[in-house]
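The primary structure of each chain is shown beneath.
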Amino acid sequence: MSPPAPLPLDPIEEAHRQWTEHGWSDVADGMAAVTSVMRAQQIMMARVEEVLKPLGLTFARYELLTLLTFTRSGALPMAKASARLQVHPTSVTNAVDRLEKAELVRRVPHPSDRRATLIEISDAGRALALEATEMLNSKVFAHPGLQQDKLEQLVTILTELRKSAGDFDTGGAPTKW
């Protein structure tokens, strides 16, 4: 399926004009910012899904596999995976169910906490995570649609937004952005 033809106007700019015309000019910039971020997210997710779908992965499952590859032991408690991915535990459970069915991860008892279950990546899961990462690196992350200086500006702005929303707190320690 080919992408749709570009629109002859920017619909967010038109929405901004309409907001202003209808007396909401004091919030028109905020509406345009929120709508722009949401549309950009849709564009980026479509590019990511185009790469991951042939591998049988969703972005959520890819993130979980990749998180597990970054751990020393290849395993994490389900609650810790949920916290690190910043998703509800039910989302992790659903991802684990699918990944376990595909033999990419397995649930194992926690060695020191009988109440907890670990998610452990399999060799096939490691291989698939690496393949997916290499494809995303070459087809999406290497060419995200902005020049390097603009990428750094964007990440800095989005980091400020995330931090002010309480997404993370470094306790005053310096960060890259």
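Cut-off values and rules
By convention here, each chain's residues receive numbers from 1 onward along its written sequence. Residue-level local features of this predicted model are given only where pLDDT is at least 70; pairs of side-chain atoms are given and counted only at 80 or more, and the full residue set underlies all totals for whole chains, interfaces and linings. Here the side-chain values reflect all heavy atoms present in the structure, with hydrogen atoms and water set aside. Secondary structure elements are defined from DSSP: runs of H or I of at least 4 residues count as helices, runs of E of at least 2 residues count as strands, and each element is numbered from the N terminus. Radius of gyration here is computed from C-alpha atoms only, and the compact-globule reference equals 2.2 Å multiplied by the residue count raised to the power 0.38. A 1.4 Å probe rolled over the protein chains alone gives each residue an accessible area, and that area as a share of the maximum for its type sets the label: buried under 20%, exposed over 50%, partly exposed in between. Strand pairing requires that DSSP identify at least two bridges connecting the strands. Whenever a helix is involved, its axis is fitted only over the stretch in contact; in every case the axis is a line through C-alpha atoms, and angles between N-to-C directions fall within 0 to 180 degrees. Any pair of nitrogen or oxygen atoms within 3.5 Å is treated as a polar contact; in protein, a donor-acceptor pairing is required on top of that, and neighbouring residues in sequence qualify only through side-chain atoms on both sides. Using a 1 Å grid laid over the protein atoms alone, points where a 1.4 Å probe fits but cannot get out form a cavity; open sets with protein on both sides within 12 Å along at least 5 of 7 lines form a pocket; any residue with an atom within 4 Å of a point counts as lining. Grid points are joined across faces, edges and corners, and a volume is the space filled by probe spheres set on the points. Ten residue types, Ala, Val, Leu, Ile, Met, Phe, Trp, Tyr, Cys and Pro, are classed as nonpolar, four, Asp, Glu, Lys and Arg, as charged, and the remainder, Gly among them, as polar. Any carboxyl oxygen of Asp or Glu within 4 Å of a side-chain nitrogen of Lys or Arg constitutes a salt bridge here. The contact criterion used throughout is that any non-hydrogen atoms of two residues lie within 4.5 Å. Should an angle lie under 35 degrees it is considered roughly parallel, over 145 roughly antiparallel, and from 65 to 115 roughly perpendicular; all remaining angles are considered oblique. Handedness of each helix crossing follows the sense of rotation of the near helix against the far helix: counterclockwise by less than a right angle gives left-handed, clockwise gives right-handed.

### Some words on the overall build of the protein
(1) Moving on: When its secondary structure is counted, the protein shows seven helices and three strands.
(2) Moving on: Radius of gyration (C-alpha) of the protein: 20 Å, far over the 16 Å computed for a compact globule of 177 residues.
(3) Moving on: Summarising its shape, the C-alpha atoms of the protein cover approximately 60 × 45 × 30 Å along the three principal directions.
(4) Moving on: Here the protein, with 177 residues, has 24% of them falling under the buried criterion.

### Re the sheet that holds strand E3 (residues 117-121)
(1) Moving on: Taken together, the three strands give an open sheet; going across it, the order is E1-E3-E2, and neighbouring strands pair in antiparallel fashion. The two strands at the open ends of the sheet, each matched to only one other strand, are strand E1 (75-77) and strand E2 (105-109). Adjacent strand axes in the sheet meet at a mean angle of 30 degrees, parallel and antiparallel pairs treated alike.
(2) Moving on: Two strands pair when backbone bridges link them, and E2 and E3 are joined in this way by five bridges, in the antiparallel orientation. Residue pairing across strands places Arg107 opposite Ile119, the latter belonging to E3.

### As for the side chain of Thr71
(1) Moving on: Along the chain, Thr71 turns up in the loop between helix H3 (59-69) and E1.
(2) Moving on: Polar side-chain contacts of Thr71 include one of 2.8 Å to the backbone oxygen of Leu68.

### Some remarks on the layout of surface pockets
(1) Moving on: If you add up the space inside the largest pocket, you get close to 1600 Å³.
(2) Moving on: Lining the largest pocket we find 33 residues, and of these Met44, Phe59, Val155, Leu158 and Arg162 sit closest to its centre.
(3) Moving on: Of all the secondary structure elements, the ones that give two or more residues to the lining of the largest pocket are helix H2 (25-52), H3, helix H4 (78-85), helix H6 (123-141) and helix H7 (148-164).
(4) Moving on: Ranked by the residues each element gives to the lining of the largest pocket, the list is headed by H2, at eight residues.
(5) Moving on: Along the lines of polarity and charge, the residues of the lining of the largest pocket split into 21 nonpolar, seven polar and five charged.

### Some points on the pattern of salt bridges
(1) Moving on: Summed over the entire model, instances satisfying the criterion amount to seven salt bridges.
(2) Moving on: In this structure, the salt-bridge partner of Arg107 is Asp97, at a minimum N-O distance of 2.6 Å. Taken together, the residues span a long stretch of sequence, with Arg107 in strand E2 and Asp97 in helix H5 (residues 89-101) at a distance of 10 residues.
(3) Moving on: When its relative accessible area of 28% is taken as the criterion, Arg107 is described as partly exposed.
(4) Moving on: Taking relative accessible area as the criterion, Asp97 reaches 37% and is therefore assigned partly exposed.
(5) Moving on: Glu120 is the partner of Arg106 in a salt bridge, and the nearest nitrogen-oxygen pair spans 2.9 Å. Here Glu120 lies in strand E3 and Arg106 lies in strand E2, a separation of 14 residues in the sequence.
(6) Moving on: One connected set of salt bridges, linked through shared partners, spans Glu14, Arg17 and Glu21.

### Here's the deal with the side chain of Thr66
(1) Moving on: Position of Thr66 among the secondary structure elements: in helix H3.
(2) Moving on: On the accessibility criterion, Thr66 (10% relative accessible area) is buried.
(3) Moving on: For Thr66, the contacting residues outside a window of four places in its chain are Ala129 and Thr133.

### Some remarks on the packing of H4 against H5
(1) Moving on: Relative orientation of the contacting elements H4 and H5 amounts to 110 degrees, with a least axis distance of 9 Å. In terms of orientation, H4 lies roughly perpendicular with respect to H5. In the crossing of H4 with H5, the sense of the turn from one axis to the other is right-handed. Residues Met78, Ala81 and Ser82 of H4 lie in contact with H5, whose contacting residues are Pro89, Val92, Thr93 and Val96.

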